[in-house]
Every structure is written in C-alpha cells, then in structure tokens.
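Chain by chain, the residues run as shown.
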Amino acid sequence: MRRHLLSSADLSRAETEAVLTTAESMHDVQTREVKKIPTLRGRTIINLFFEDSTRTRSSFEIAGKWMSADTINISGKGSSTSKGESLRDTVRTIDAMGVDALVMRHAASGAAHQVARWVRCSVVNAGDGTHEHPTQALLDAYTLRRQIGGEDRSLEGKHVAIVGDLTHSRVFRSNVITLARLGARVTAVAPPTLMPSGVGPWSKAEGFETSYDLDDVLSGSHGDVDAVMMLRVQRERMSGGYFPTPREYTVGYGLTRPRLERLLDARPDVAILHPGPMNRGLEIAADAADSASSLVLDQVSAGVAVRMAVLYHLLAGADETQPTSTTATTSTEVPA
Amino acid sequence: MSSTLVTGARPLGGEAADVLVRDGMIAAVGRVPAAERDGDTEVVDADGLVLLPGLVDLHTHLREPGREDAETVASGSAAAAVGGFTAVLAMANTSPVTDTAEAALRVLELGRSCGLVDVQPVGAVTKGIEGHELAELGLMARSRARVRVFSDDGHCVADARVMRRALEYVKAFGGVVSQHAQDPTLAGREACCDESELSGRLGLPGWPGIAEETIVSRDVMLARHTGSRVHVAHVSTAGTVEVVRWAKAQGIAVTAEVTPHHLLLTSDLLAGYDPVYKVNPPLRPAEDVEALRAALADGTIDAVATDHAPHARHDKEHAFVDAAFGMLGLETALPVVSEVMVRSGLLDWAGVARVMSSAPARIAGLDGHGQGLQVGSPANLVLVDPDRATTIDAAASVSLSRNNPYDGRTLTGAVVGTWLRGRRTASEGRPLLAEEAWA
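Note that the structure is predicted; figures quoted are calculated from it, not measured. (Residues numbered from 1 in each chain as written. Chains lettered and ligands numbered in written order. Predicted model: local features only at pLDDT ≥ 70, side-chain atom pairs only at ≥ 80, totals over all residues. Heavy atoms only, no water.)

How should the overall build of chain A be read in this particular structure?
Regarding its fold elements, chain A presents 13 helices and 9 strands. Against the compact-globule benchmark of 20 Å for 336 residues, chain A has a radius of gyration of 20 Å, which places it among compact chains. Going through the 336 residues of chain A one by one, you find that 59% of them count as buried. In chain A, 73% of the contacts between residues at least 6 apart in sequence involve partners at least 24 apart. About 13,100 Å² of surface is accessible on chain A, with carbon and sulfur atoms providing 48% of the total. (Helix = DSSP H or I, 4+ residues; strand = E, 2+ residues; numbered from the N terminus. Rg over C-alpha atoms; globule rule 2.2 N^0.38 Å. Buried < 20%, exposed > 50% of the residue type's maximum accessible area, 1.4 Å probe, protein only. Contact = heavy atoms within 4.5 Å. Areas by Shrake-Rupley, 256 points an atom, 1.4 Å probe, with all protein chains shown as cover.)

Looking at this model, I keep getting lost on the packing of helix 5 (residues 134-148) of chain A against helix 6 (residues 170-181) of chain A. Mind explaining?
What describes two packed helices is the angle between their axes and the distance between those same axes. Residues and elements named next belong to chain A. For the pair helix 5 and helix 6, interaxial distance at closest approach is 8 Å and the crossing angle is 55°. Judged on the interaxial angle alone, helix 6 and helix 5 are oblique. The two elements helix 5 and helix 6 cross, and the hand of that crossing is right-handed. In contact with Pro134, Gln136, Ala137, Asp140, Ala141 and Leu144 of helix 5, helix 6 contributes Val171, Ser174, Asn175, Thr178 and Leu179. Here the residues of the contact of helix 5 with helix 6 are counted per class, giving 6 nonpolar, 4 polar and 1 charged. (Axes fitted to C-alpha atoms, helices over the stretch in contact; angles between N-to-C directions. Parallel < 35°, antiparallel > 145°, perpendicular 65-115°, else oblique. Left-handed = near helix turned anticlockwise from the far one by under 90°. Nonpolar A, V, L, I, M, F, W, Y, C, P; charged D, E, K, R; others polar.)

Please explain the pairing of strand 5 (residues 50-53) of chain B as it appears in this structure.
Sheet faces and side chains relate simply in a regular strand, where the side chains alternate between the two faces. Residue and element names in this part refer to chain B. Going residue by residue along strand 5, you find Val50 and Leu52 tucked away on one face and Leu51 and Pro53 tucked away on the opposite face as well. Pairing analysis gives 2 bridges linking strand 1 (residues 3-11) to strand 5, with the strands arranged parallel. Looking at strand 5, one finds that Arg10 is bridged to Val50. Here 4 bridges tie strand 5 to strand 16 (residues 381-391), and the two strands are oriented antiparallel to one another. Across the sheet, residue Pro53 finds its bridge partner in strand 16, namely Leu381. (Pairing = 2+ DSSP bridges.)

It is not clear to me how the UniProt feature "domain: Dihydroorotase catalytic" (unreviewed entry) in chain B should be interpreted in this structure. Could you clarify?
When the UniProt feature table is mapped onto this chain, "domain: Dihydroorotase catalytic" (unreviewed entry) is found at residues 49-237 of chain B. End-to-end, the C-alpha atoms of residues 49-237 of chain B are 34 Å apart, and along that stretch the chain is 34% helix and 17% strand. (UniProt positions renumbered as here; feature names shortened; annotations may be inferred.)

Help me understand the packing of aromatic side chains, please; the structure alone is not making it clear to me.
Given two aromatic rings, their pairing is described by the distance between the two centres and the angle made by the two planes. In total, this model carries 7 aromatic pairs over all chains according to the counting rule given. Measuring from ring centre to ring centre gives 5.7 Å for Phe172 of chain A and Phe208 of chain A, while their planes differ by 90°; the resulting arrangement is edge-to-face. With Phe172 of chain A in helix 6 and Phe208 of chain A in the loop between helix 7 (199-206) and strand 7 (209-211), this pair connects stretches of sequence that are 36 residues apart. Accessibility classification places Phe172 of chain A together with Phe208 of chain A in one group, the buried group. For the ring pair Phe243 of chain A and Tyr249 of chain A, a centre distance of 4.8 Å and an interplane angle of 40° mean the geometry is tilted. Chaining the aromatic ring pairs together yields one cluster made of Phe172, Trp202 and Phe208 of chain A. Over the face of the ring belonging to Phe320 of chain B we find Lys278 of chain B, whose NZ or CZ atom lies 5.8 Å from the ring centre. Cation over ring: Lys278 of chain B sits above Phe325 of chain B, and NZ or CZ is 4.4 Å from the ring centre. (Phe/Tyr/Trp six-rings, centres within 6.5 Å; stacked < 30°, edge-to-face > 60°. Lys NZ or Arg CZ within 6 Å of the ring centre and 35° of its normal.)

Is there a simple way to explain the domain arrangement of chain B in this structure?
Size of an interface, as often reported, equals the accessible area lost when the parts are brought together. All names here are of chain B. Along its sequence, chain B is carved into domain 1 (3-50 + 377-431) and domain 2 (54-364). Spacing between the C-alpha centres of domain 1 and domain 2 amounts to 26 Å. With 35 residues of domain 1 in contact, the opposing surface of domain 2 contributes 48 residues. Both faces combined, the contact of domain 1 with domain 2 buries some 3,100 Å², and carbon together with sulfur accounts for 62% of it. By the criterion of area lost to domain 2, the three top residues of domain 1 are Asn403, Pro405 and Tyr406, representing 21% of everything that side buries. (Domains from an automatic or database assignment. Buried area = accessible area lost by both parts, 1.4 Å probe.)

Is there a simple way to explain the layout of surface pockets in this structure?
To find leftover empty space, a probe the size of one water molecule is rolled over the atoms. Residues and elements named next belong to chain B. In this structure, the second largest pocket occupies an estimated 740 Å³ of space. Along the walls of the second largest pocket sit 28 residues, with Gly154, His155, His180, Asn280 and Phe325 positioned nearest its centre. Looking at the lining of the second largest pocket residue by residue, the classes come out as 10 nonpolar, 11 polar and 7 charged. (1 Å grid on protein atoms, 1.4 Å probe; cavity = no way out; pocket = protein on both sides within 12 Å on 5 of 7 lines; lining within 4 Å. Points joined across faces, edges and corners; volume = space filled by probe spheres on them.)

Explain the domain arrangement of chain A here, please?
Residues and elements named next belong to chain A. Annotation of chain A at the domain level lists domain 1 (4-133 + 302-316) and domain 2 (135-298). Taking the mean C-alpha position of each, domain 1 and domain 2 sit 26 Å from one another. Counting from both sides, the interface comprises 33 residues of domain 1 and, opposite them, 29 residues of domain 2. Interface area, domain 1 with domain 2, both sides summed: about 2,500 Å², of which 54% is carbon and sulfur. Taken together, the links from domain 1 to domain 2 amount to 4 salt bridges. We note a salt bridge from Arg13 to Glu156, for which the minimum N-O separation is 2.8 Å. Across the contact surface, domain 1 and domain 2 share 19 residue pairs in polar contact (both at pLDDT 80 or more). Secondary-structure elements contributing two or more residues to the side of domain 1 that touches domain 2 are helix 1 (13-30), helix 2 (54-66), strand 3 (101-106), strand 4 (122-128) and helix 12 (296-315). For the side of domain 1 that touches domain 2, the element with the highest residue contribution is helix 1, accounting for 9 residues. (Salt bridge = Lys/Arg side-chain N within 4 Å of Asp/Glu carboxyl O. Polar contact = N/O pair within 3.5 Å; in protein donor to acceptor, adjacent residues only side chain to side chain.)

What exactly am I supposed to notice about the UniProt feature "binding site: carbamoyl phosphate" (unreviewed entry) in chain A here?
Residues and elements named next belong to chain A. In the numbering used here, UniProt assigns the feature "binding site: carbamoyl phosphate" (unreviewed entry) to Arg55, Thr56, Arg105, His133, Gln136, Gly276 and Pro277. Look past the residues within four positions of His133 in its chain and what remains in contact with it is Thr56, Arg105, Ala126, Gly127, Arg170, Val171, Ser174 and Arg307. A distance of 3.4 Å separates polar atoms of two side chains, one belonging to His133 and the other to Arg105. Positionally, Pro277 belongs in the loop between strand 9 (271-273) and helix 11 (286-289). Under the relative-accessibility criterion, Pro277 is labelled partly exposed at 46%. For Pro277, the contacting residues outside a window of four places in its chain are Arg55, Arg232 and Glu283.

Here's what the structure looks like:
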C-alpha cells in the first residue's frame, strides 16, 4: 500500500488507472441525495495550506467529509512557520497529534517530498511551488477519459495540447507524466521564455513534443488535437519580461474566438480544459471558456471524486493494484 | 627550547626524510643527526605519511559575531585545525558585517585568543555588503588586522561602477577583491539549483551558469582597465574556467578558487530536495565538475577554498528554496581533494600543497604561510595519511553545525596531525584545545 502521493511519477500506469476507476465509483456519491459514505470514519485529515487556494482546499475538504473523515483546515497565514518555526517542526508537531494524512499546499517546490521524510502520516501533495500538482493531473485525466476516452475510458493515442506558462506550471509537470502514463500524446505550446529549462532533453525522455506556434499545433501539424488544456498566465509574472504585453501574449498563445472557431471547424468534438482560475480575455476567450466544448466545470466536479479516490487508496487499505469499482464498492461500503 | 622531530615522512609526497622543528621553525630537513635532538624532543613516527605545509583557506565563514549558535571563531578554528589548516580567511558577512577596522580587529583577536589557526579577517567591499558604498577599505588595510582581501561574499558586487572603484582603491595597499560572481538579474533571489533540465523538472528556480560567467567576464575586463587584482570566488562552471583561462593568457591579474564540493558533488544530488546540498553557487553537472578538476590541475584555477558555511540545524529544516545556502568544508577539504585530484592522478601531493597552501597564501598576502618545507620557514605543517579510508560521520564534527554533505561517504586521505608554528593544534580528528573552548 502506497503511503504518500507526492508526484504523478509515484503512480504506475496500473495505479493511475486504479485511482481513476475508483473515482468513477466516488463520482456516483456526488449525485446522491445523501453524500456520505463511512469509508474514512475515524480518520483525521489535515489540509495544511501554506498558500491560498479556495478551489483545491475545498475540493479536498469535501472529499474528506463525504468519506466521513474529520478534516481540519490550517492556513499558512498565522501558522507557526510564519512566526519563524521551521517547516520540519511545524509538520512534526501536527503529526504528533496523531493525524492520518496531511494534504499539503506549499509555495516551495519539493516541500511535500521533504515533509514526507519527517512525518509518520500520509502526505498528499496538493501543489508544491512550480513542481507538481498530482491530483490536478488525475482529475484532468479523469475528465478527459470520460469525454474523449470512449466506452473503454482510454486515452491511448489521444493528443492533448497544453498551452501557456509552462515554466511556472505544476499542472503541466504533473500532466505530462500522467497523460504519458495513460498512453496519450502531449504537445506543449508556449513562447520560448515560458518553456521550462532544459525542456528539450526532458521532453524527449518523457515523450512529449514542444512547439512555439499554437496555430500550427491546432491546425493539426502535430496530429489532430483531441483536447486543448489552457494554463493560467500568472499575472504576477507579467513584469518578469517573459512576454512584452498581455495583448501580444493573447495574439500568440490565447485561445481566442477566431482560434476557437477554426478549431471547432476542424474538430467539433475537441475538449477544452483549464485548471482555473481563468484569466478571461488573456489566455482564454469567454467564448471558449463557456463553449459546449469547455470542460472547466467538469474538471472541478471531477476533482472531488478523484481526491476521494486518492484518499481511499492511501488511507483505506485498498489493494493498490486492483481497486476496481467493485472492490471500492465492497471494501469502502459505498451505499447502493 | 621546544622541538619536534617528524621521522620518515614524505615531504610534499617525495622521498622520506626527517623534519626537525625547533622554536616554531623548521630547523632541519633530511637525515637529522642524533646530536641535533634535544633530550625532550618529541618524536613523531610518520613513516609513509605525507608532510605538507599547513593548509590555508581563502574562504571560511565563522559566523561570529552574530550567529554563534552555528559557529564561533573558536569552533571554526578547531574545525580548521582538524582539517589541516593553519590559516583561514574569515568572510565578512557576519552580523554586524566586517566593514570597519574595529570589526576586523575583533575577528583577529578572537582568532588569536583561540590560537589554533591564524584567523585573518576579510573586509567587506561595501558598507553592510549592500553593494552601494565602499566600506572603509583603507582603514581595514592599515589596521593591525592588515586586511588584504575584500569581499561581499554571499552577495555579488553587481554594480560595475562600484566594482571598478573598489578595484582601483585597493591598489593603494596591494589588496584584492574577491568576487561572488552572480549577476542578480540573471540569477534571481530564489535561484538555488543549476538551471538545467533538472531545475525544469523539479520546478526549482534556476541559477544559470551565465550569471556567473558574465560577471567574471566583466570583472576581468575591469581588472585590466584598472590594473588591479581580482579574485573569483568559488568558480562553478566550465564557462567561467574559459574566461579565467583567457584572462590569464592576456596577462590580466586574475586568480580563482574552487571549492571541494564543486570538485566532487554534482547537481543531480538535488533530485531529493535535500537542503544539505543547497549551496551558492549551486552544484553543477558532471561536465562542469570535470572542467573544474582539469582547471585546478593545469593551474587555471589557482586554489582550493572551502566556502565552509556552517548553519544551525533549524536553518536547513525548511522547504528547499527557503533553507539556508551552504555546507561545511573545513574538516573534509583535504580528503575530498585527495579523493578527486590525487587518487585520480590529476595532482600529486606537491600540487596539493600548491593549491591548498602556497597559492592561497600568496593570493591573500599572508606572511608565514604557504612557504613550503624549507629550513628557516615557520613550522606550519600538516601530516597526511594518503591511504587511510574514512567514512565521514557528520555527528563527529567539531564544528557546531552538522550540514555536512559527505555524511556516510568514504573518502581516502586523512589528516593525522596539524602544527601551527611548531605547536601541535590537532591530532587524529580532534583539536588540541580544551573542549569547552570550542564546543
């Protein structure tokens, strides 16, 4: 049984598919009148968020509560580390209270990895700096499987374009790993200034392609695009000289209305994703965000189911290789 | 009259010889007749061991004043003696900064009161190492501390005009500016990992080699323009080596140092986000490490300097980007150099004496150190067992800190004993000073 989820790379293909399959069961809970299963009754989960995040924190909190865990939110503001305590002392103090899991968001890359060496409880990386956000990648994969995966929920051979500020995106880093695990092809699109360092050899190793030309990619030059994942341009980065002006960025790399129309003409069934929060008019036009092809709200909904599945696999003692929906139904006592 | 006879040692790794030390000076080298021995002469059996001049470290952080929980002049001196050093240059980025003659004298006196090594203060280039206004360079130089090396280490003197003025000014008293070469506009404040595929994958802020190379390129041109001396601290990239090589070929007065850790450790160690490997400049890939070794062997890089940077445990127990920069180095410098340079055949022991004693002493203008093993020289000595393999135990360090990147590694080449002006200061890994004085 795996104890932590720190990186998308922690999960093998079988484990990744197992989590996604479990999430299907968990998704059913969302549609019920009484959204409560006893799976994690008596377990305590701390959401330790050193960085603001309404979306991810709420998603984990709901996931825990629906599984009957006691979930407690601790904000980085006012925490001991903000008063000078070391991160190690802070997490060991919480761990000593006998909690079962730390769901941790931190502005520093690698923080979850470090914390996992210091505590006894399970650690779930809910986003560490510009490194990874593994549950986001899982929920993206989950959303894509349901939308473009067909009846067998397969992403094998599907082509996903990930567009935007790749340098600072933990979503990108986790997604290239998870999507590759599931057999999908990824083309990463960004201006050269927003490509991560050393992306050339890295992309070769991970099996994804890169491009500086969004129109070229959307036109199918790298193969027909099944999904486009737009990433948030972090407004705080705009003064860093990564691109001249927001206008120029939008012209080059935004999913604008004309681009959307051209794309839909060629691929009416294309899926559009965005991890949010969105900068409407900058990286994504309102028409694209609100179009029938947009899966933005599906991603949010999937987030709860996927996080329930992750917590289940880490805390409920599931067999890591075969927690099929049947297994989940029996061992987690999902009510019929 | 005190005397010591070291018998059977190999001076500079050469033929075996006896070395007689009397009243702090080397009195005889070779076969020492029995008549030369006093009745109370201490005899040290050094059969097969290598005898070198005492090591000199151009780049030590002693943390006193300001962070005596991490290191003091006494504990740092103890670590230095254990590591075979007889002189260390104490960097200026203490709190308060060593940017006045009074501050420099305080460090000097603390070192003297301890007496294990000669502690020579480095003066800040700019007030408060803030990079704007020149510190009292002349007053520090003309004080009893006789400061000759100036550095804002930890920070780069990024302003070209300030650097130019500093280089011009120190010419008046034969000083040298030791530059922490790091363009802050190219390596941002949080930069902590070699900018590479690895930093891209790990999501760590990259510290590109070009941030070092552009500053070194600028500084050697400023040194040529001013006719002054510049020293490049902790060279970390192959590109910098090329710049220094070119500058030396042009006759520009540039010298350079490399740390033991940049000669041994590679950037891939950062994959686990362990802050013990967080250092500034960062660890670099194997290609750079190879270039640094070659440059040290061929003389492009003049000296090994430890950049000994002790930190209290809690200062490293943060997320990687928030943890303090730096690692210990004094106690392990010689074993590391032995491992990567001597055992590989890149340097012989005479070469080690050059890069760890004579060259740093010359760069720092230190009298009485780095003079070799001739009769009449001060008896600053280190005795080395070149074949002894030691597994490094961080917990056994005499430093007050434990940020030792070599913990658990086995290194071959061990310091057996150290003498400062004929007085034994360390033996078999322990300083010869009451423990309460350094622990």
